[in-house]
Amino acid sequence: MKNAVWDLSIAYQGLNDPKVEQDIELIQRSISLLTHHQEERKHVIAMQNAIQTMEAASTLLNTVSTLANCHASTNAQNTQAKQLIGRLSQLSSELEQAFSPYENVLAFADVAFIQQVLDHDNPSVAGQGFQIELLQRKAQTQLSIAEEQLLSAMQVDGRDAWGRLYDNITGSLSITIETDQGTETLGFSAAASLLYGGEFTKQEAAWKGIQSAMKANDTSFAAIVNALAGWRHNEGKKRSHNSEEHFLDPSLRANRIQRETLEAMMSVAKSIVLSVKKPVS
């Protein structure tokens, strides 16, 4: 069975690279720093330092996560990669919790304070204007600091755990692709990459192969989707204390689009489908 091959040597030489543990230690130090200085978060310099610390830790976390997920995506039985993913999920939650008090200040801060914070030579701070604007847009659905931290803590074995289960299942699938050139068996990652690659003659075969392989686990996939939808509905209810948090709002914010944009896209897509299905007179 063919799997995707990742060249991650630009960052790490592998899962056993000592730099992985060194970077994890730096992330843990960052969490400690953020936690230790939370009481100073209303001061401009403290906020600037916190943003720099958060940005550096997030970069390291994302880099190590990429390493772990690439290895796990090609071998669902890679225990070392799966354990690392679990550790990183916990670290991500702890980092979010440590920065939550700072986000709370930024979400409700006045223009003068924000301008002072952004007045910094480091681009990781000066370039935060858009992110802070997004925070302030969702301020009406912001929970208390304690509630936000509790939600982040519960995501590790709740929402994120369902995602890890999905990755474990798909990572173990064998995808059979049948084309005019013959039959080949691929791992899920390699087959999925064909859907977006330049081998157009294989795209339909890859899609059919993926659908067929996933069919055997449709009950598990349905449970995952239902659990994630239930999580989002319940979180939305909790956040609707001042302003309604719609089911789609988190996705719209994550993709930086307005509801009107999504509705326009869906309207065009539906009209195209209808025009294709319309019988020729």
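Residues numbered from 1 in each chain as written. Predicted model: local features only at pLDDT ≥ 70, side-chain atom pairs only at ≥ 80, totals over all residues. Heavy atoms only, no water.

**Here's the deal with the pairing of strand β1 (residues 174-179)**
Short version of the rule: With a 1.4 Å probe rolled over the protein chains alone, any residue whose accessible area is under 20% of its type maximum counts as buried; one over 50% counts as exposed, and the rest are partly exposed. Per the convention used, a helix needs a DSSP run of H or I reaching at least four residues, while a strand needs a run of E reaching at least two, with both numbered from the N terminus. A pair of strands is considered paired only if DSSP assigns at least 2 bridges between the two.
Where burial is concerned, the two faces of β1 differ: the one with Ile175, Ile177 and Thr179 is buried and the one with Ser174, Thr176 and Glu178 is not. As paired elements, β1 and strand β2 (residues 182-187) share six bridges and run antiparallel to each other. Bridge pairing in β2 links Glu178 to Thr183. The hairpin turn running from β1 into β2, its antiparallel successor, is two residues long.

**Quick word on the nonpolar core**
This is how it is decided: What is meant by a nonpolar core is a set of buried Ala, Val, Leu, Ile, Met, Phe, Trp, Tyr and Cys residues, joined one to another through side-chain atoms within 4.5 Å. We call two residues in contact when some of their heavy atoms are within 4.5 Å.
Counting 37 residues, the largest nonpolar core has Leu34, Met47, Leu84, Leu88 and Phe113 as the members making the most contacts within it. With near-sequence residues (within four places) excluded, Met47 lies in contact with Arg41, Tyr102, Val105, Leu106, Phe113 and Val117.

**Quick word on a nonpolar patch on the surface**
Selection criterion: A patch is a set of surface residues, each over 30% in relative accessible area and not in a salt bridge, joined within 9 Å for like charges and within 5 Å for the nonpolar side chains Val, Leu, Ile, Met, Phe, Trp and Tyr. Only the protein chains shown count as cover for residues, with accessible areas throughout obtained via the Shrake-Rupley method and a probe of 1.4 Å. The working definition used for a salt bridge is a side-chain nitrogen of Lys or Arg within 4 Å of a carboxyl oxygen of Asp or Glu.
On the surface, a cluster of nonpolar side chains totalling about 220 Å² of accessible area is made up of Trp162, Leu165 and Leu228. With respect to the element layout, Leu228 can be found in helix α11 (residues 218-239). Residue Leu228 is classed as partly exposed on the basis of its relative accessible area of 33%.

**Things to note about the pattern of salt bridges**
All told, the structure shown has 13 salt bridges when counted by the stated rule. For Arg159, the salt bridge is made with Asp160, and the minimal N-O distance between the two is 3.1 Å. Since its relative accessible area comes to 32%, Arg159 is described here as partly exposed. According to the relative accessible area criterion, Asp160 is partly exposed, its value standing at 25%.

**Notes on the packing of helix α1 (residues 18-36) against helix α3 (residues 79-108)**
Operational definition: Note on geometry: axes are lines fitted to C-alpha atoms, helical ones only across the stretch in contact, with angles between N-to-C directions running from 0 to 180 degrees. Here the angle decides the label: under 35 degrees means roughly parallel, over 145 means roughly antiparallel, 65 to 115 means roughly perpendicular, and every other value means oblique. The crossing is said to be left-handed when, going from far helix to near helix, the turn is anticlockwise and less than a right angle, and right-handed when the turn is clockwise.
In the contact formed by α1 and α3, the axes pass within 9 Å of each other and the chain directions differ by 25°. As far as their axial angle goes, α3 and α1 are roughly parallel. Once α1 is placed against α3, the crossing between them reads as left-handed. Counted together, Val20, Glu21, Ile24, Ile27, Gln28, Ile31, Leu33, Leu34 and Thr35 of α1 and Leu84, Arg87, Leu88, Leu91, Glu94, Leu95, Ala98, Phe99 and Tyr102 of α3 form the full contact between these two elements.

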